[in-house]
Amino acid sequence: MNSLIALELTGRIERWPIAGAFTISRGAKTEAIVVVAELRCGDHVGRGECVPYARYGETPEAALAALEAMRAPVAGGLDRTALQAAMQPGAARNALDCALVDLEAKISGKRAWELFGSAAPSSTTTAYTISLGTPEAMAEATAKAASRPLLKIKLGGDGDDARIAAVRRAAPNAELIVDANEAWTPDNLARNLAACADAGVTLVEQPLPAGRDEALGAIARPIAVCADESVHDRTSLAALRGRYDAVNIKLDKTGGLTEAMAMAQDAQALGLQIMVGCMVATSLAMAPAMLLTPFARFVDLDGPLLLARDRDDGLRYDGSTVYPPEPALWG
């Protein structure tokens with residue numbers, strides 16, 4: 001980037017309505033609240049978007065304040081390498097990291113993946129999420145999406161065996177992955193895993209609470225188990241050994257694309273499968289995560305499909321096929 005022109009950082013909170021409601025084991029919401037970081041350098045503007053997550057003690061207001069606190073360092077020439085030490089991993093750093101990548105791409109005239117020396121992403125199949133509800137409600141929602149090749153089913157604890165059986169009846173041909181969002185217990189773990197195996201589920205995401213997942217290492221897992229809340233960045237990978245078979249890499253957890261790209265390589269070296277995940281957000285948040293898709297066995301970047309509307313120049317979705325971003329959006 002041109003170091004002779006000072007970088008100006010601004011941030012803002014945006015609210016994007018969800019189509020209906022999005023429900024998981026921790027509750028429901030009807031809008032996506034995102035924080036956007038914008039970096040201006042002359043005529044060039046780089047953008048990044050994050051979703052602060054209450055599960056990790058984050059709020060939109062705190063994330064915005066964290067970005068505003070970085071104005072002076074950014075104006076002084078802070079780059080992505082220095083950013084990793086200047087901010088803690090989390091949503092705010094993600095927005096700034098992705099904005100720096102976007103700005104660097106625009107100034108250099110290169111695509112973002114070229115900056116990382118990685119393969120260009122291609123179109124890929126994304127999961128489509130079915131919110132938590134009664135077995136009947138979930139079956140009804142699943143029937144409407146049964147033609148999609150990959151469905152992600154939100155589960156919630158008691159009654160999950162009935163939920164997953166109802167979903168499978170409604171979508172006999174779709175590949176199913178499930179996300180319990182920490183709602184299972186050691187007492188129902190084996191029963192719920194068996195119900196998922198009986199339904200032909202491919203992957204179970206975060207069945208037990210982070211920090212209380214020892215039981216996963218003490219049982220024979222009939223299907224692959226993926227860490228989400230139990231894994232954030234590279235420093236948390238070693239603790240997964242013996243308990244998990246895969247990791248869900250989300251930019252809001254890693255603190256940006258820079259850490260996420262390095263984490264994907266380290267996870268592969270440990271023999272872990274990779275899922276690329278997202279929060280409910282606009283295409284601006286999904287676009288950087290597309291760079292991780294060449295590493296991934298599972299892609300879950302359906303956030304914009306759950307919104308009532310997406311931002312201009314959003315990612316192109318053709319059913320469950322998502323295409324790489326155009327430069328007008330990001331990177």
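As a starting point, this report considers the structure included with it. These figures come from a predicted structure and were not determined experimentally.

Re the pairing of strand E6 (residues 150-154)
In terms of residue burial, E6 counts as a mostly covered element, since five of its five residues are buried. Burial of E6 is two-sided: the residues Leu150, Lys152 and Lys154 facing one way and the residues Leu151 and Ile153 facing the other way are all buried. Across three bridges, strand E5 (residues 128-130) lies against E6 in parallel orientation. Its bridge partner lying in E6, tyrosine 128 is registered against leucine 151. Between the parallel pair E5 and E6, the chain is carried across by helix H6 (residues 135-144), and the sense of this crossover is right-handed. With five bridges connecting them, E6 and strand E7 (residues 175-179) associate as parallel partners. For isoleucine 153, the partnering residue across the bridge sits in E7 and is valine 178.

A short note on the nonpolar core
Generally speaking, soluble globular proteins have nonpolar side chains that are buried together. Membership of the largest hydrophobic core comes to 79 residues, with the highest contact counts inside it found for Ile153, Trp184, Val201, Val247, Leu292 and Trp330. Grouped together as the second largest cluster of nonpolar side chains are 22 residues, Ala63, Leu64, Ala91 and Leu100 included.

Some thoughts on the sheet that holds strand E3 (residues 44-50)
Strand order in the open sheet formed by three strands is E1-E2-E3, with antiparallel pairing between adjacent strands. Strands with a single pairing partner mark the edges of an open sheet, and in this sheet they are strand E1 (8-24) and E3. Direction aside, neighbouring strands of the sheet carry axes that sit 20 degrees apart on average. Here strand E2 (residues 27-41) pairs with E3 via seven bridges, running antiparallel. The residue of E3 that forms the bridge with alanine 37 is glycine 48. Most of the contacts of helix H1 (residues 60-68) go to E2, to which it runs at about 10 degrees, and overall it touches E1 and E2.

Observations concerning the sheet that holds strand E10 (residues 246-249)
What holds strands together in a sheet is hydrogen bonding between their backbones, with the strands either parallel or antiparallel. In spatial order, the strands read E5-E6-E7-E8-E9-E10-E11-E12; together these eight strands make up an open sheet with parallel pairing. In this open sheet, the two edge strands, each paired with only one partner strand, are E5 and strand E12 (298-299). Relative to strand E8 (residues 203-205), E7 runs parallel, the two being bridged by three bridges. When the bridges of E8 are listed, aspartate 179 appears paired with glutamate 205.

A look at the environment of alanine 85
Residue placement: alanine 85 occurs in helix H3 (residues 80-86). In sequence terms alanine 85 and glycine 314 are 229 residues apart; their C-alpha atoms lie 31 Å from each other.

Let's talk about the environment of asparagine 248
If you trace the backbone, asparagine 248 turns up in strand E10. The buried category is assigned to asparagine 248, whose relative accessible area is 0%. As a C-alpha pair, asparagine 248 and phenylalanine 295 span 47 residues in sequence and 12 Å in three-dimensional space. Not counting the four nearest positions on each side in its chain, asparagine 248 is found in contact with Lys152, Glu205, Cys226, Ala227, Asp228, Val231, Lys253, Met275, Val276 and Gly277. There is a polar contact of 2.6 Å between the side chain of asparagine 248 and the side chain of glutamate 205.

Notes on the packing of aromatic side chains
What describes a pair of aromatic rings is the distance from one ring centre to the other and the angle between the planes of the rings. Tallied over the full model, the rule gives one aromatic pair. Look at tyrosine 53 and tyrosine 56: their rings are 5.3 Å apart centre to centre, the planes differ by 80 degrees, and that puts the pair in the edge-to-face class. Here tyrosine 53 falls in the buried class, since its relative accessible area comes to 19%. Taking relative accessible area as the criterion, tyrosine 56 reaches 25% and is therefore assigned partly exposed. One Lys or Arg, arginine 297, reaches over the ring of phenylalanine 298 and ends 4.1 Å from the middle of that ring.

Calculation notes
- Residues numbered from 1 in each chain as written.
- Predicted model: local features only at pLDDT ≥ 70, side-chain atom pairs only at ≥ 80, totals over all residues.
- Heavy atoms only, no water.
- Buried < 20%, exposed > 50% of the residue type's maximum accessible area, 1.4 Å probe, protein only.
- Helix = DSSP H or I, 4+ residues; strand = E, 2+ residues; numbered from the N terminus.
- Pairing = 2+ DSSP bridges.
- Right-handed = clockwise from strand over helix to strand, strands pointing away.
- Core = buried A, V, L, I, M, F, W, Y, C linked by side-chain atoms within 4.5 Å.
- Axes fitted to C-alpha atoms, helices over the stretch in contact; angles between N-to-C directions.
- Contact = heavy atoms within 4.5 Å.
- Polar contact = N/O pair within 3.5 Å; in protein donor to acceptor, adjacent residues only side chain to side chain.
- Phe/Tyr/Trp six-rings, centres within 6.5 Å; stacked < 30°, edge-to-face > 60°.
- Lys NZ or Arg CZ within 6 Å of the ring centre and 35° of its normal.

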